[in-house]
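Single-letter residue listing:
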Amino acid sequence: MSELTSSKRNGNLGRTLLWVAIALSVLLLGFVTALTIRANPYYSDREANGISKFQFIEVCREQLAEDEQLASLQGLLQQSGQLQAGQRLTAEVAPEPADLVDSVQPAQGGGWTLNVPANIQVNGGGAPLGQLPFQCAHDKAQNRTTAQLQLPGGV
C-alpha cells in the first residue's frame, strides 16, 4: 500500500487547519462588514430625521424632474422661440453622487436639507443649457419633502 492510501495516516491536523482557516475567514468577513456599515455615506439616523438620506435624495430627484418652475421656464422659452415645439426641458442634480451625499445636511428639529445646482437640458441629452439653484427639504414633523428650482429674476 502506498503512503497516500495508507489507513495509518492521521488526517486530524489537516481538518484542524481547515476549521481554523474557516473560522478566521468568518471573523475577517464580519470585521470588514462592520467597517463597511460604519463608512456608508448613506447611513443616517432615520428616526431623528424622519426619512433615510438615500430616500431623501431620491425624492428630491423625482420632485426636481416634475418641478412646476421647470414647466413655466419651458413655456417661456417656447413662447420666445428659443425652444421648438416637441422639445422638453429636463433637470438633473449637477453634483456627482459623492458630492451630492455630502451636500445633504440635517435640518433643525429633524429632517434634511439640500442646496445644490441643477443642470437644465433639452430632452435630457446633450450639453446642459445652464444651471439653476435647487433647494430641497424634508420636514420630519409634517413628514413631507418639498423641492423648488430657483429661476433667475423671479420668473
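Look up a bit, the structure's there.
Residues numbered from 1 in each chain as written. Predicted model: local features only at pLDDT ≥ 70, side-chain atom pairs only at ≥ 80, totals over all residues. Heavy atoms only, no water.

Attention now moves to the overall build of the protein chain. On a plain count of helices and strands, the protein chain comes out with five helices and five strands. Helices and strands appear in the protein chain in the N-to-C order α-α-α-α-β-α-β-β-β-β. When each of the 155 residues of the protein chain is scored for burial, the buried share is 26%. Carbon and sulfur atoms provide 55% of the accessible area of the protein chain, an area that totals close to 10,700 Å². (Helix = DSSP H or I, 4+ residues; strand = E, 2+ residues; numbered from the N terminus. Buried < 20%, exposed > 50% of the residue type's maximum accessible area, 1.4 Å probe, protein only. Areas by Shrake-Rupley, 256 points an atom, 1.4 Å probe, with all protein chains shown as cover.)

Attention shifts here to helix H4 (residues 68-79). Along its 12 residues, H4 runs 17 Å from first to last C-alpha, staying within 8% of the 16 Å computed at 1.5 Å per residue. Among all positions in H4, only Leu70, Leu73, Gln74 and Leu77 are buried. For H4, the buried positions fall inside an angular range of 100° around the axis, keeping them on one side. Those residues of H4 that are exposed and aimed more than 90 degrees away from the buried face are Glu68 and Gln79. Where H4 begins, one side-chain oxygen reaches toward the backbone nitrogen of Gln69, 2.6 Å away; that side chain belongs to Asp67. Positive phi shows up at Gly81, right after H4, with a value of about 85°. (Expected span 1.5 Å × (residues − 1). Arc of directions from axis to C-beta. Polar contact = N/O pair within 3.5 Å; in protein donor to acceptor, adjacent residues only side chain to side chain.)

Below, the discussion takes up the side chain of Asn49. Inspection of the secondary structure puts Asn49 in helix H2 (residues 46-49). On the basis of relative accessibility, which here comes to 8%, the residue Asn49 falls in the buried class. Polar contacts involving the side chain of Asn49 include one to the main-chain amide nitrogen of Gly111, which spans 3.5 Å. Not counting residues up to four positions away in its chain, the partners in contact with Asn49 are Pro106, Gly110, Gly111, Trp112, His138 and Lys140. (Contact = heavy atoms within 4.5 Å.)

Further remarks concern the state of the cysteines. Such a bond, covalent and formed between the sulfur atoms of two cysteines, is termed a disulfide. Applying the stated criterion to the full structure yields one disulfide. The partner cysteine of Cys60 in its disulfide is Cys136, sulfur to sulfur 1.9 Å. Sign of the S-S torsion, about -90° for the bond between Cys60 and Cys136, identifies this disulfide as left-handed. Here Cys60 is found in helix H3 (residues 53-65), whereas its partner Cys136 is found in strand S4 (residues 125-139), with 76 residues between them in sequence. The residues Cys60 and Cys136 share a single accessibility class, namely buried. (Disulfide = S-S within 2.5 Å.)

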